[in-house]
Amino acid sequence: MNSAETLYQAFASSLDVDLSEINDDLAYNSFPKWDSTAHMILVAEIEAQFDIMLDTDDIIDMSSVAKAKEILSKYEVSF
Amino acid sequence: MLEDKHILVTGASRGIGRAIAEVCVALGATVYLGGRDDETLEHICAELGDNAVPFSYDVRDADQVKQAFLHIQKHIGRLDGLVNNAGVMIDAPLAMSRLEDLQLQLQVNTVAAFQHSQLASRLMAKNRQGSIINICSVVGERGSIGQSAYAASKAAMSGMTKSLAKELAGLGIRVNGVAPGFVNTDLTNHYPEQKRTEILDSIALGRAGEAKEVADLVSFMLSDHSAYITGQIIGIDGGMKL
């Protein structure tokens, strides 16, 4: 599984939706299942999958799948 | 009672923290003993065996705290329990309280506990279970003359406990506080005899508590035997009146 697939899978399992629903445009304020609890589960899942620990500012900024990719690139994850 | 659980205890090199580590190891947990005194931590862990792991870092240093949790994430991959025990108590009447002493108590007793809870909850969220125990104080609950700064830091911890219990319940994480009264530790052994006598007179059971007694309560709160308890500040003070 490449990094993008791993990230999409993390989103799908954290938001409890089918993988086919995940795309780069998916955003925090436009997807009802992506609430504050799901966000925390998502952060935990991303940290576990990529073996990193995110800064609080990055957790706050992670408002879409595309933004998550941008943030992860700071942690030397390439897409 | 705590078999297969991985638990981080801050301020574990002495007093209540050390007792908590000892009891949890005895009950089958793997315990990470946080503290600043490398030598003492190594010594305690050598006594407790392979299930006791020294974690030398300063809870006031946010980067060091983050590194400690990164180590747990990379090498253990889970955390079942966190005990925010590291604490500072500086007694002084209001007029003689230095602001830096207030800030130190807030930094260790409140801010460090907040950051630990923040990072621990992310490790716990992965498995949708965990127990966070904050060592609060009867002083934070009821107030005490000459301890306004300490009371402020511990009352903040109690408020944090109740809020996090609500916020993290959906993730299967329980958050509770344990509020000791007068316990025989390094924090209290400098008290002059007259003050000690006055305090003991205010305790219904007529004696100071022991660190092991607090540790027994904390171990219960960490265990699945307390699975339906969250958002509580549980006093352990021998019936103390302040």
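From a predicted model like this one, the values you see are computed outputs, not experimental measurements.

Peer 1: Where do I start with the pairing of strand E5 (residues 130-135) of chain B in this structure?
Peer 2: Looking down a regular strand, the side chains alternate between one sheet face and the other. Residues and elements named next belong to chain B. Buried residues dominate E5, accounting for six of its six residues. Along E5, one buried face is formed by Gly130, Ile132 and Asn134 and the opposite face, lined by Ser131, Ile133 and Ile135, is buried too. For strand E4 (residues 81-84) and E5, the ladder comprises four bridges, and the chain directions are parallel. If you follow asparagine 84 over to E5, its bridge partner there is asparagine 134. One crossover worth recording links E4 to the parallel E5 by way of helix H4 (residues 99-127), and it is right-handed. Of the strand pairs in this sheet, E5 and strand E6 (residues 173-180) are connected by six bridges, and their pairing is parallel. Opposite serine 131, over in E6, you have arginine 174 as the bridge partner.

Peer 1: In this structure, what is going on with the interface of chain B and chain A? I would like to understand it.
Peer 2: Interface size is often expressed as the accessible area that is lost when the parts come together. Tallying the contact residues gives 15 residues for chain B and 14 residues for chain A. Connecting chain B to chain A are three salt bridges. Between A:Glu47 and B:Arg122 there is a salt bridge; the shortest N-O distance is 2.3 Å. Summed over the shared surface of chain B and chain A, the number is six residue pairs in polar contact (both at pLDDT 80 or more). Mapped onto the side of chain B that touches chain A, the elements with two or more residues apiece are helix H3 (62-75) and H4 of chain B. Here the element with the most residues in the side of chain B that touches chain A is H4(B); it accounts for six residues. A per-class count over the side of chain B that touches chain A returns six nonpolar, four polar and five charged.

What counts, and at which threshold
Residues numbered from 1 in each chain as written. Chains lettered and ligands numbered in written order. Predicted model: local features only at pLDDT ≥ 70, side-chain atom pairs only at ≥ 80, totals over all residues. Heavy atoms only, no water. Buried < 20%, exposed > 50% of the residue type's maximum accessible area, 1.4 Å probe, protein only. Helix = DSSP H or I, 4+ residues; strand = E, 2+ residues; numbered from the N terminus. Pairing = 2+ DSSP bridges. Right-handed = clockwise from strand over helix to strand, strands pointing away. Contact = heavy atoms within 4.5 Å. Salt bridge = Lys/Arg side-chain N within 4 Å of Asp/Glu carboxyl O. Polar contact = N/O pair within 3.5 Å; in protein donor to acceptor, adjacent residues only side chain to side chain. Nonpolar A, V, L, I, M, F, W, Y, C, P; charged D, E, K, R; others polar.

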